[in-house]
Amino acid sequence: MDICSMSALEIGAAIREKKMTVREVTESYLSAIENEDGAYHCYNTVCKEAALARADEVQNGIDEGRYTSPLAGVPVGVKDNICTKGILTTCSSKILENFIPPYDATVVKRLHDAGMVVLGKLNMDEFAMGSTTETSATGVTHNPWNTQHVPGGSSGGAAAAVAADLAPVTLGSDTGGSIRQPASFCGVSGLKPTYGAVSRYGLVAYASSLDQIGPLGHDAKDCAALFSVIAGKDEKDGTSMETPKFDFDAATNGDMQGKKIGIPADYLGEGISPDVKAAIEAAAETYRALGAEVEIFPMPIVKYAIPAYYIIACAEACSNLSRYDGIKYGYSSPNADNLMDTYIKSRSEGFGMEVKRRIMLGNFVLSSGYYDAYYNKALKAKKLIQEAFFDAFEKYDMLLGPVAPTTAPKIGESLSDPLKMYLGDIYTVMINIAGVPSMAIPCGFDAAGMPVGMQLIGKPFCEAEILSAAVGFQNATDFHKKSPKKV
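Here the structure is a predicted model, which means the values were calculated and not measured.

Caption draft 1: Representation of a nonpolar patch on the surface within the structure. A grouping of Ile327, Leu339, Met340, Tyr343 and Ile344 is seen on the molecular surface, where their side chains present a nonpolar patch of about 480 Å² in accessible area. With respect to the secondary-structure elements, isoleucine 327 resides in the loop between helix H10 (305-320) and helix H11 (339-350). Under the relative-accessibility criterion, isoleucine 327 is labelled partly exposed at 47%.

Here is the structure:
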């Protein structure tokens, strides 16, 4: 039995049934990472000794009845912007190259409480700013389907690790599509939860009003299982919400009979590749065959999504990143002669070009004379986008659309044209602006054999509903069962 090709829930069940031990599972993944990650660069840090010691502790806990989660004993990879006590957390940036947090993020603590084993920290775009995982200071992550292509971003390492069977499930973060877009490019499943459904305590902030941590896995059931572990109110995060207990059974029943699904017409217009459009239309037919009613409706507010998102995100980013001054922690320039030099040179040498670009844009839109012209208008557009979603949910149970207008581009294509990279987020950023949940799952392949992903967008805190719809689609298709090693 190839352990690394199993789903997370299959691994958890096999451990409970004593068909394999937690150490055997952990060793299998550590061996795969050692032998194969050189081709992909999914991981920034691998915690070999700590993971093996943890595996033995978890096995004892399972045997004694202390760990009862369906994911007890299952390994997990964690994006490198989520704090892990005693383990490097670099955000793939030179400015945090030596930062070892003294505490765990709430989601990491919940992984431990469930008996999961952290394998290591996953590569990402620097400070989650990018759509390709090419802005990482530690090097580019390669798409396991074709290593000449990007895996998407910013959670490219998290998606690529699942696709390459180097982790059964991973945690990523999503500010404007950073879980869903790499999930789409790598042919895996990923959930961006409702804003407030998962604690952000211990997540290194990019844009605080947009960031959310979420799961990636081979299929929707694995994502549902990991979401059930990390979701819930946290007193350490004032934006986290008290919600009803997540119903795993409801989230995995797959029943689509009588559901109403809307497809924004503006998601299928200019700019979308024919292969992606065809895959979305075929997915709509699959849902009709499952008993759902699917129709296309106008949503013209889509055209304001990109400018509103980048103004808001960059404004918040320039504020959040002001703490990296070369004084308190992280990189401090050895070339500085005085305090002002320390500030300027540490930031100039420590931040990469994309981060600097967004800091500059953020400072510009917040500056005197431009605040009303840009930032205030973006906030008004945010309100209109939220209202457009709520209006749509008056008529539809959920929305369906593509994750990205194209499949994964080749390495180097996007960074040469940053505006083109930003426009590639057109279908994902609105969901973060509105604060609603969205589930990305594979739904086809383009002519070159690269994965195509679709997303299901739900009402606030209705993760179970869109997860169930994803399960229904995956019960009727086999796109999620394909992998770079099986084609």
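Caption draft 2: Here's a closer look at the pattern of salt bridges. What the rule picks out here adds up to 18 salt bridges. When the shortest N-O distance is used, the salt bridge between lysine 259 and glutamate 465 registers 3.2 Å. Separated by 206 residues along the polypeptide, lysine 259 in the loop between helix H8 (248-251) and strand S7 (260-264) and glutamate 465 in helix H16 (residues 463-476) bring together distant segments of the chain. Residue arginine 357 pairs with glutamate 354 through a salt bridge whose shortest N-O separation is 2.4 Å. Taken together, the residues arginine 357 and glutamate 354, both in helix H12 (residues 353-366) and three residues apart, mark about one turn of the helix. Owing to a relative accessible area of 32%, arginine 357 belongs among the partly exposed residues under this scheme. Through salt bridges with shared partners, a single network forms among Arg54, Glu57, Glu64 and Arg66.

Caption draft 3: Spotlight on the environment of glutamate 134. As for its position among the elements, glutamate 134 is in the loop between strand S3 (117-122) and helix H5 (156-163). Each C-alpha atom, one on glutamate 134 and one on aspartate 37, is 16 Å from the other, the two residues being 97 residues apart in sequence. With residues near it in sequence (within four places) discarded, glutamate 134 still touches Asp125, Val140, Val150, Ile411, Gly412, Ser414 and Leu415.

Caption draft 4: Quick peek at helix H3 (residues 48-63). Spanning 16 residues, H3 covers 23 Å between terminal C-alpha atoms, matching the ideal 22 Å at 1.5 Å per step. For H3, the complete set of buried residues consists of Ala51, Leu52, Arg54, Ala55, Val58, Gln59, Gly61 and Ile62. Those residues of H3 that are buried are in contact with helix H1 (8-16), helix H2 (22-36), helix H4 (106-113) and S3.

Caption draft 5: Quick look at the sheet that holds strand S4 (residues 169-174). Taking strand neighbours across the sheet as the criterion, the 11 strands line up as S1-S3-S2-S4-S6-S5-S10-S11-S9-S7-S8 in an open arrangement whose pairing is mixed. Looking at strand neighbours, the two that pair on one side only are strand S1 (43-46) and strand S8 (293-297), the edges of this open sheet. Along the sheet, successive strands turn relative to each other by an average axial angle of 30 degrees, direction set aside. With two bridges joining them, S7 and strand S9 (residues 398-402) adopt parallel strand pairing. Note that in S9 the partner of glycine 262 across the bridge is leucine 399. In the packing of H2 onto the sheet, contacts are made with S1, strand S2 (75-79) and S3, and the angle to S3 comes to roughly 20 degrees.

Caption draft 6: Broad picture of the packing of H10 against H12. One can describe the packing of H10 onto H12 by two numbers: an axis separation of 7 Å at closest approach and a directional angle of 100 degrees. The pairing of H10 with H12 is recorded here as roughly perpendicular in orientation. Listed contacts from H12 to Tyr310, Ile311, Cys314, Ala315 and Cys318 of H10 are Arg358, Ile359, Leu361, Gly362, Asn363, Val365 and Leu366. In terms of residue class, the contact of H10 with H12 is built from nine nonpolar, two polar and one charged.

Caption draft 7: Seen up close, the nonpolar core. Within the largest apolar cluster, 164 residues are counted, with the highest numbers of intra-cluster contacts made by Leu111, Phe127, Tyr287 and Phe389. Ranked by residues supplied to this core, first place goes to H10 with 12 residues. In this view, tyrosine 287 contacts Met256, Ile261, Ala292, Val294, Leu400, Met454, Leu456, Ala469, Ala470 and Phe473; residues no more than four positions away in its chain are not counted.

Caption draft 8: Inspection of the environment of isoleucine 82 at higher detail. Relative to the helices and strands, isoleucine 82 is located in the loop between S2 and H4. Sequence-wise, isoleucine 82 and asparagine 335 are 253 residues apart; in three dimensions their C-alpha atoms are separated by 30 Å. With near-sequence residues (within four places) excluded, isoleucine 82 lies in contact with Thr89, Ala105, Val107, Val108, Lys121, Leu171, Gly172, Gly202, Leu203 and Ile213.

Caption draft 9: Up close: the environment of glycine 202. Among the secondary structure elements, glycine 202 is positioned in the loop between strand S5 (189-192) and strand S6 (212-217). Assessed through its relative accessible area of 8%, glycine 202 is described here as buried. The spatial distance from the C-alpha of glycine 202 to the C-alpha of alanine 105 is 3.9 Å, given a sequence separation of 97 residues.

Caption draft 10: Structural view of H4. The set of residues buried in H4 consists of Thr106, Val107, Val108, Arg110 and Leu111. Looking at the buried side of H4, the elements it contacts are H3, S2, S3, S4, S6 and helix H7 (220-230). A positive backbone phi angle near 85 degrees is found at glycine 115, which sits one or two residues after H4.

Basis of the calculations
- Residues numbered from 1 in each chain as written.
- Predicted model: local features only at pLDDT ≥ 70, side-chain atom pairs only at ≥ 80, totals over all residues.
- Heavy atoms only, no water.
- Patch = residues over 30% accessible without salt bridge, like charges linked within 9 Å, V, L, I, M, F, W, Y side chains within 5 Å.
- Areas by Shrake-Rupley, 256 points an atom, 1.4 Å probe, with all protein chains shown as cover.
- Salt bridge = Lys/Arg side-chain N within 4 Å of Asp/Glu carboxyl O.
- Helix = DSSP H or I, 4+ residues; strand = E, 2+ residues; numbered from the N terminus.
- Buried < 20%, exposed > 50% of the residue type's maximum accessible area, 1.4 Å probe, protein only.
- Contact = heavy atoms within 4.5 Å.
- Expected span 1.5 Å × (residues − 1).
- Pairing = 2+ DSSP bridges.
- Axes fitted to C-alpha atoms, helices over the stretch in contact; angles between N-to-C directions.
- Parallel < 35°, antiparallel > 145°, perpendicular 65-115°, else oblique.
- Nonpolar A, V, L, I, M, F, W, Y, C, P; charged D, E, K, R; others polar.
- Core = buried A, V, L, I, M, F, W, Y, C linked by side-chain atoms within 4.5 Å.

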